[in-house]
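Reading the structure
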Amino acid sequence: MSRKRREIPVFDQPLIETHCHLDYLKDRPLEETLEQTRGVNIERVITIAVSPDNLATVRDLSGRQPWLYGTQGVHPHEAETYTDACEAEIRQHGGDDKIVAIGEIGLDYFYDNADWEVQKQVFRRQLQIAADLDRPVVIHSREADEDTIDILSDFEDTLKRRGVIHSFTSGPGLARYALNQGWCLGFNGITTFNKAENVRDIVRMAPIGQILLETDSPFLTPVPYRGRENAPFYLPFVAEKIAEVKELDLDEVLAQTYRNSLRTFFPAG
């Protein structure tokens with residue numbers, strides 16, 4: 001007999017899903033996913049660009065509902081596909097009303113998908129776009145802590161709005177640097193994984209005023225739904241885990257992370 005999984009909690013305080021990939025979801029029709037997402041009181045969703053091929057797709061998705069938003073940027077896995085034309089497209093649309101950040105950009109030395117020097121060059125070029133457009137940044141950093149710090153340090157004076165290092169799995173050195181510089185750290189279903197004590201240690205370190213909630217769906221589905229495709233409507237489980245790990249009242253976590261999301265991506269409220 002299969003054990004029934006706990007239903008997704010619904011909170012009075014709305015949530016903001018700060019990082020997902022709506023165009024990667026395959027298990028059900030998108031409209032069904034969006035309806036279920038709204039049904040658990042998720043007020044806004046940010047879907048993230050990762051490659052030259054999905055920049056326009058993300059813009060289209062962000063225009064489908066008033067509460068859907070997007071980003072423009074090229075993931076480090078795709079750094080070798082970055083061209084002057086791609087940069088021009090990001091620059092042209094990075095300031096659009098429904099585009100709230102430049103990203104997902106950064107460095108990934110865990111996978112060998114792109115030359116490290118190319119990654120660093122493309123990371124810098126996109127950080128410059130964010131600085132020029134006065135947009136926050138969504139950063140991906142994996143096994144690249146020192147180079148991430150080195151590059152971000154060159155933009156300390158020009159990246160006024162900072163942003164988030166999303167799906168944070170890096171070490172305490174990068175965490176301390178980012179937090180001291182006013183960045184947020186994004187946490188997702190990894191916080192619920194049994195073997196992710198290193199991530200929970202960073203959650204404990206980070207002030208609640210600098211934590212953002214995300215799913216990174218369709219990846220990293222939280223307990224108790226591991227094994228299924230992730231989706232934005234599982235975000236409440238992440239909120240619960242953050243409250244548990246930080247030993248804070250859930251209502252405080254919900255309210256503060258909501259304010260953090262507004263401050264980072266929606267400063268007009």
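Here is a short report on the structure shown in this document. (Residues numbered from 1 in each chain as written. Predicted model: local features only at pLDDT ≥ 70, side-chain atom pairs only at ≥ 80, totals over all residues. Heavy atoms only, no water.)

Moving on, we come to the sheet that holds strand β6 (residues 163-165). Here eight strands make up an open sheet; going across it, the order is β1-β2-β3-β4-β5-β6-β7-β8 and the pairing parallel. Each end of this open sheet is capped by a strand with a single partner; those strands are β1 (15-20) and β8 (211-213). Within the sheet, the average angular offset between the axes of one strand and its neighbour, ignoring direction, is 30 degrees. Along the sheet, helix α4 (residues 116-133) contacts β4 (99-108) and β5 (137-142); its crossing angle with β4, the most-contacted strand, is approximately 160 degrees. (Pairing = 2+ DSSP bridges. Helix = DSSP H or I, 4+ residues; strand = E, 2+ residues; numbered from the N terminus. Axes fitted to C-alpha atoms, helices over the stretch in contact; angles between N-to-C directions. Contact = heavy atoms within 4.5 Å.)

On to the packing of aromatic side chains. Taken as a whole, this structure holds eight aromatic pairs when the rule is applied. Judged by centre distance (4.9 Å) and plane angle (85 degrees), the ring pair of F110 and Y111 falls under edge-to-face. Take F110: its relative accessible area is 44%, and that puts it in the partly exposed class. A residue is classified by how much of its surface remains accessible, and Y111, at 39% relative accessible area, is partly exposed. Considering the side-chain rings of Y225 and F237, the 5.7 Å spacing of their centres and the 40 degrees angle between planes classify their relative orientation as tilted. Of this pair, Y225 sits in the loop between β8 and α8 (235-246) while F237 sits in helix α8, placing them twelve residues apart in sequence. Taking relative accessible area as the criterion, Y225 reaches 8% and is therefore assigned buried. Aromatic ring contacts, followed pair by pair, group Y225, F233, Y234 and F237 into a single cluster. Positioned above the aromatic ring of Y69 is the side chain of K98, whose terminal nitrogen or guanidinium carbon lies 4.9 Å from the ring centre. The ring centre of F110 lies 3.7 Å from the NZ or CZ of R142, which sits over that ring. (Phe/Tyr/Trp six-rings, centres within 6.5 Å; stacked < 30°, edge-to-face > 60°. Buried < 20%, exposed > 50% of the residue type's maximum accessible area, 1.4 Å probe, protein only. Lys NZ or Arg CZ within 6 Å of the ring centre and 35° of its normal.)

In the contact formed by helix α5 (residues 145-153) and helix α6 (residues 172-180), the axes pass within 9 Å of each other and the chain directions differ by 20 degrees. It follows that α5 is roughly parallel to α6 by the angle criterion. Along this stretch, α5 crosses α6, giving a crossing that reads as left-handed. From α5, D145, T148, I149, L152 and S153 reach across to α6, where they touch G173, L174 and Y177. (Parallel < 35°, antiparallel > 145°, perpendicular 65-115°, else oblique. Left-handed = near helix turned anticlockwise from the far one by under 90°.)

Within the secondary structure, Q72 sits in strand β3 (residues 68-72). Of the residues examined, Q72 reaches a relative accessible area of 0% and is grouped as buried. Between the C-alpha atom of Q72 and that of R59, which follows or precedes it by 13 residues, the distance is 8.2 Å. A distance of 2.8 Å separates polar atoms of two side chains, one belonging to Q72 and the other to R59. (Polar contact = N/O pair within 3.5 Å; in protein donor to acceptor, adjacent residues only side chain to side chain.)

Further remarks concern helix α2 (residues 55-62). Buried within α2 are the following residues: L55, V58, L61 and S62. Viewed end-on, α2 has its buried residues packed into an arc of 125 degrees, placing them on one side of the element. Looking at the buried positions of α2, the neighbouring elements they touch are α1 (30-39), β2 (42-47), β3, α3 (84-93) and β4. (Arc of directions from axis to C-beta.)

Moving on, we come to the pattern of salt bridges. Per the stated rule, a full pass over the model turns up 16 salt bridges. Between R28 and E32 there is a salt bridge, with the nearest N and O atoms lying 3.8 Å from each other. Given a relative accessible area of 24%, R28 falls into the partly exposed group. Two residues, E244 and K241, come together in a salt bridge whose shortest N-O distance is 3.1 Å. Linking E244 with K241, this pair stays in helix α8, spanning three residues, or about one helical turn. Classification of E244 by relative accessible area gives exposed; the value is 52%. Exposure remark for K241: the relative accessible area of 18% places this residue in the buried category. Overlapping salt bridges, with partners in common, bring together E197, R200, D201 and R204 in one network. (Salt bridge = Lys/Arg side-chain N within 4 Å of Asp/Glu carboxyl O.)

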